[in-house]
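Single-letter residue listing:
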Amino acid sequence: MSSYNLTHLAQLENEAVFVMREVAAQFERPVLLFSGGKDSLVMVRLAQKAFWPARFPFPLLHVDTGHNFPETIAFRDALVSQTGARLIVRTVEDSIKAGRVVEEPGANPSRNALQTVTLLDAIEEFKFDAALGGARRDEEKARAKERFFSHRDEFGQWDPKNQRPELWNLFNGRKHPGEHFRIFPLSNWTEMDVWQYIAQEKIAIPSIYFGHSRQVVRRDGVLLAQSPHLTLLNGEHYETRRIRFRTVGDMTCTGAVESDAATLAQIIQEVAAARQTERGTRTDDRRSDTAMEDRKKTGYF
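Values in this document were obtained by computation on a predicted structure and should not be read as measured data.

### Comments concerning the packing of aromatic side chains
The geometry of an aromatic ring pair is captured by two quantities: the separation of the ring centres and the angle between the planes. Tallying each qualifying case throughout the model produces 12 aromatic pairs. Residues tryptophan 189 and tyrosine 197 carry aromatic rings whose centres are separated by 5.2 Å and whose planes lie at 80 degrees to one another, so their mutual orientation is edge-to-face. Across this residue pair, the class does not change: tryptophan 189 and tyrosine 197 are buried. Members of the aromatic cluster, joined through ring pairs, are Phe18, Phe27, Phe148, Phe149, Phe171 and Phe181. Here arginine 137 stacks its cationic end above the ring of phenylalanine 148, 5.2 Å away from the centre of that ring.

### Considerations on the packing of helix 1 (residues 8-26) against helix 6 (residues 191-201)
Their axes nearest at 11 Å, the elements helix 1 and helix 6 cross at an angle of 95 degrees. Judged on the interaxial angle alone, helix 6 and helix 1 are roughly perpendicular. Across the interface between the two elements, His8, Leu9, Leu12 and Glu13 from helix 1 touch Asp193, Gln196, Tyr197, Gln200 and Glu201 from helix 6. In terms of residue class, the contact of helix 1 with helix 6 is built from three nonpolar, three polar and three charged.

### Points about the pattern of salt bridges
Tallied over the full model, the rule gives 20 salt bridges. Aspartate 39 serves as the salt-bridge partner of arginine 136, at 2.8 Å between the closest nitrogen and oxygen. Taken as a pair, arginine 136 in the loop between strand 4 (130-132) and strand 5 (149-152) and aspartate 39 in helix 2 (residues 38-51) lie far apart in primary sequence, 97 residues in all. Judged on exposure class, the residue arginine 136 and its partner aspartate 39 are both buried. Linking arginine 218 and glutamate 258 is a salt bridge whose minimum nitrogen-to-oxygen distance equals 3.6 Å. Here arginine 218, found in strand 7 (residues 212-219), pairs with glutamate 258, found in strand 10 (residues 257-258); they are 40 residues apart in sequence, far enough to count as distant. Residue classification places arginine 218 among the partly exposed positions, given a relative accessible area of 41%. Classification of glutamate 258 as partly exposed rests on a relative accessible area of 47%.

What counts, and at which threshold
- Throughout this document, residue positions are counted from 1 along each chain, in the order its sequence is written.
- Note on the predicted model: pLDDT of at least 70 is required for a residue's local features to be given, and 80 or more for side-chain atom pairs to be given and counted; whole-chain, interface and lining totals, by contrast, use all residues.
- The side-chain numbers reported here are obtained from all heavy atoms of the structure, hydrogens and water having been left aside.
- The aromatic pairing rule takes the rings of Phe, Tyr and Trp, using the six-membered ring of Trp, and pairs them if the centres are within 6.5 Å, calling planes under 30 degrees apart stacked, those over 60 edge-to-face and the rest tilted.
- When a residue's accessible area, from a 1.4 Å probe over protein chains only, is under 20% of the maximum for its type it is buried; when over 50% it is exposed; and in between it is partly exposed.
- Either the NZ atom of lysine or the CZ atom of arginine qualifies as a charge over a ring when it sits within 6 Å of the ring centre and within 35 degrees of the ring normal.
- A fitted line through C-alpha atoms represents every axis, and for helices the fit uses only the stretch in contact; the resulting angles, taken between N-to-C directions, go from 0 to 180 degrees.
- Secondary structure elements follow DSSP: runs of H or I no shorter than four residues count as helices, runs of E no shorter than two count as strands, and numbering proceeds from the N terminus.
- Roughly parallel refers to an angle under 35 degrees, roughly antiparallel to one over 145, roughly perpendicular to one between 65 and 115, and oblique to any angle outside these ranges.
- By definition, residues are in contact when any of their heavy atoms lie within 4.5 Å.
- Note on residue categories: nonpolar means Ala, Val, Leu, Ile, Met, Phe, Trp, Tyr, Cys or Pro, charged means Asp, Glu, Lys or Arg, and polar means any other residue, Gly included.
- Salt bridges are counted wherever a side-chain nitrogen of Lys or Arg sits within 4 Å of a carboxyl oxygen of Asp or Glu.

Encoded structure:
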C-alpha cells in the first residue's frame, strides 16, 4: 500500500518500526529504556510489531530512582510477566550507597539528575551500544534538537552542535569503542499521537493516567502528590483533589492536573484542549531555562 493511503498513525508506526529494525541490524547490544510510562509502553508495542512473531531482541532497562509511583512499579512488573521480556533494574539508591552520586540537600531532594550516573553505569556494565528511548521532539525544546540516532561520546555526553545528518532515512550508527547511541523512534510523534495510538492498539496503561482522588499539595503552581519522599514546607497542607498525571516521573517532581477523565477518549479531549506541554508539570524542568539541555549534555535520557 502506498504511504499516501496510510493514516498518519500508520505512517508513524512504520517509521518507528523501521528505526527499531535498523537498530537491530546496526548494533550488537541494544537496550530499551523503560519507565512504565505511556511512551515506553508504546515503544514496547512497536518493538513487538517490529520483530513479530519472534520476541524483540533487546532487554528492558529501568533506572529506578526509589521515588517512583507505586502504581507504575506494579504495572511494570505485570507487563514484564505478561510479555516475557527480560527486565534489568538499576537503582539510584545503590549509586548513592556506592558513593557514585550524592543526595541533594534540603527537605525535598530530587533524584532526577542522579539517574544519569546510574544509567551510564548500567550502559558500561552491560556494554550496551544503543539505548532506545521514548522521547519526542514536542516534549521540550532540548528534545527538539535530537536526531533519531543521537551519538554519545565515551563519557556518555551529548553535543547538540555535532549531530549527524539523517537524509533519506539513512542512519549512521558508526562509533568508536566506548561510545554509544541513544535512539528515539518516536521523534516525530506528538503527545496526541501517543494517546491516539494507545486507544487504537488498546494498550493498557497505569491507573495514574486516569482521573482519581488523591492527596496533593500545591507548590509553585504545581500539584504534587503526597508521598513518603515529600516534606511539607511552612504554610503548606495536603488537600484531596480529583487529578491525573500526564507524564510519569518521580513523585517529588511530577505534577498532576485536575481531571475527571476516566476513559482514553476523555484524555484525548483534554490533550486536544491543553495549552501547556506535558512536561510543563515537571518541577525539575523549571530549575533553569536550559535545565533539560544541561542534563542531556551529561548523559540524561
